[in-house]
Amino acid sequence: DVKVTQSSRYLVKRTGEKVFLECVQDMDHENMFWYRQDPGLGLRLIYFSYDVKMKEKGDIPEGYSVSREKKERFSLILESASTNQTSMYLCASSDGTSGLNLAYEQYFGPGTRLTVT
Amino acid sequence: RKEVEQDPGPFNVPEGATVAFNCTYSNSASQSFFWYRQDCRKEPKLLMSVYSSGNEDGRFTAQLNRASQYISLLIRDSKLSDSATYLCVVNGAGGFKTIFGAGTRLFVKA
């Protein structure tokens with residue numbers, strides 16, 4: 001079974017703090033994704049990575065950065081957390097031997113509910 | 001206009017009913033289509049891919065209409081365990097971008 005794990009289920013941070021969300025997958029997938037999910041808006045793509053040290057902006061990258069130093073690990077960084085970044089953050093991974101072809105099933109982690117006060 | 005639109009529902013149906021959801025997409029160059037299921041407070045999981053010829057998996061049937069740019073999901077003989085949010089997912093041209101719909105909420109009642 002594919003397993004995607006995220007470092008925390010719940011996280012509470014203060015405005016201005018630097019926040020690290022970690023994601024690890026155990027299936028040797030090339031592609032990894034970070035989404036946030038908000039009521040009525042669905043999942044919105046923040047960043048994705050199709051290879052180690054490679055990253056691409058998604059739809060809402062502002063206020064976020066990412067790091068992929070190892071194939072199995074994809075980190076999301078909030079440089080200076082703000083209250084509008086309170087959300088559910090979901091990490092996903094997928095196979096994709098063609099590099100940029102992302103049309104494969106995505107496997108999600110359990111999510112991190114981040115509250116910024 | 002949103003790139004992927006779904007009726008948010010909720011759909012409240014009795015057990016045994018047949019229910020159908022539609023999802024429209026705006027990019028005519030979209031190539032891959034999926035339905036995901038998300039249970040309350042859980043992560044999304046793939047329910048089924050949607051092929052041009054349509055596909056069926058037990059009580060679930062998915063269809064694609066490229067001319068009208070929508071995909072559909074039909075659930076026959078609804079079970080209590082079908083209660084969930086169903087997410088429509090569309091991959092853009094070249095598969096470079098994945099777009100999730102906001103989801104349709106289904107409640108199946110005894």
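First things first, this report covers the structure right here in the doc.

### Looking at the overall build of chain A
Link 1 in the chain: When its secondary structure is counted, chain A shows zero helices and eleven strands.
Link 2 in the chain: Written out in order from the N terminus, the α and β elements of chain A read β-β-β-β-β-β-β-β-β-β-β.
Link 3 in the chain: For chain A, the C-alpha radius of gyration of 13 Å lies close to 13 Å, the compact-globule estimate for 117 residues.
Link 4 in the chain: Its C-alpha atoms give chain A principal-axis dimensions of about 40 × 30 × 25 Å.
Link 5 in the chain: Counting the 117 residues in chain A, one finds 49% classified as buried.
Link 6 in the chain: Here the analysis covers contacts within chain A between residues at least 6 apart in sequence; of these, 58% occur between residues at least 24 apart.
Link 7 in the chain: Of the roughly 5600 Å² of accessible surface on chain A, a fraction of 49% belongs to carbon and sulfur atoms.
Link 8 in the chain: Positive and negative charge centroids in chain A, built from 15 and 16 side chains respectively, lie 7 Å apart.

### Quick word on the packing of aromatic side chains
Describing an aromatic ring pair means giving the distance of the ring centres and the angle of the ring planes.
Link 1 in the chain: As enumerated under the stated definition, the model contains twelve aromatic pairs over all chains in all.
Link 2 in the chain: A ring pair is formed by A:F108 and B:F100, whose centres lie 5.9 Å apart and whose planes are at 80 degrees; its orientation type is edge-to-face. Of this pair, A:F108 sits in strand β10 (residues 107–108) while B:F100 sits in strand β10 (residues 98–100), on two different chains. The exposure classification of A:F108 matches that of B:F100, with both residues buried.
Link 3 in the chain: Among the aromatic residues, those joined into a ring-pair cluster are A:F33, A:Y35, A:F48, A:F108, B:F34, B:Y36 and B:F100.

### Here we look at the nonpolar core
Side chains that are nonpolar tend, in soluble globular proteins, to be buried together.
Link 1 in the chain: Grouped together as the largest cluster of nonpolar side chains are 24 residues, with contacts concentrated most on B:F21, B:W35, B:I71, B:L73, B:I75, B:Y86 and B:L106.
Link 2 in the chain: Setting aside anything within four residues of it in sequence, one finds B:L73 in contact with B:V19, B:A20, B:F21, B:W35, B:L47, B:M48, B:F60, B:T61 and B:Y86.
Link 3 in the chain: Of all hydrophobic cores here, the second largest spans 20 residues; its members include A:I60, A:L76, A:L78 and A:V116.

### Things to note about the layout of surface pockets
Link 1 in the chain: Looking at the largest pocket, its volume works out to about 640 Å³.
Link 2 in the chain: Lining the largest pocket are 24 residues, and of these A:Q37, A:P39, B:Q38, B:T85 and B:R105 sit closest to its centre.
Link 3 in the chain: The set of elements that each furnish at least two residues to the lining of the largest pocket consists of β4 (31–38) and β9 (87–94) of chain A together with β9 (84–91) and β11 (104–109) of chain B.
Link 4 in the chain: In terms of residue class, the lining of the largest pocket is built from nine nonpolar, nine polar and six charged.
Link 5 in the chain: Lining the second largest pocket are 16 residues, and of these A:L41, A:R44, B:K2, B:V4 and B:F100 lie nearest its centre.
Link 6 in the chain: Residue composition of the lining of the second largest pocket, by class: eight nonpolar, three polar and five charged.

### Focus: unusual backbone geometry
Link 1 in the chain: Cis geometry marks the peptide bond from B:G9 to B:P10; its omega dihedral reads 5 degrees.
Link 2 in the chain: With respect to the helices and strands, B:P10 occurs in the loop between β1 (4–6) and β2 (11–14).
Link 3 in the chain: Although it is not a glycine, A:K53 adopts a positive phi angle of roughly 65 degrees.
Link 4 in the chain: Turning to its location among the elements, A:K53 is positioned in the loop between β5 (42–51) and β6 (54–57).
Link 5 in the chain: Even without being a glycine, B:D77 presents a positive backbone phi close to 50 degrees.
Link 6 in the chain: Here B:D77 is to be found in the loop between β8 (70–75) and β9.

What counts and what doesn't
Residues numbered from 1 in each chain as written. Chains lettered and ligands numbered in written order. Predicted model: local features only at pLDDT ≥ 70, side-chain atom pairs only at ≥ 80, totals over all residues. Heavy atoms only, no water. Helix = DSSP H or I, 4+ residues; strand = E, 2+ residues; numbered from the N terminus. Rg over C-alpha atoms; globule rule 2.2 N^0.38 Å. Buried < 20%, exposed > 50% of the residue type's maximum accessible area, 1.4 Å probe, protein only. Contact = heavy atoms within 4.5 Å. Areas by Shrake-Rupley, 256 points an atom, 1.4 Å probe, with all protein chains shown as cover. Lys, Arg positive; Asp, Glu negative; His and termini not counted. Charge placed at Lys NZ, Arg CZ, Asp CG, Glu CD. Phe/Tyr/Trp six-rings, centres within 6.5 Å; stacked < 30°, edge-to-face > 60°. Core = buried A, V, L, I, M, F, W, Y, C linked by side-chain atoms within 4.5 Å. 1 Å grid on protein atoms, 1.4 Å probe; cavity = no way out; pocket = protein on both sides within 12 Å on 5 of 7 lines; lining within 4 Å. Points joined across faces, edges and corners; volume = space filled by probe spheres on them. Nonpolar A, V, L, I, M, F, W, Y, C, P; charged D, E, K, R; others polar.

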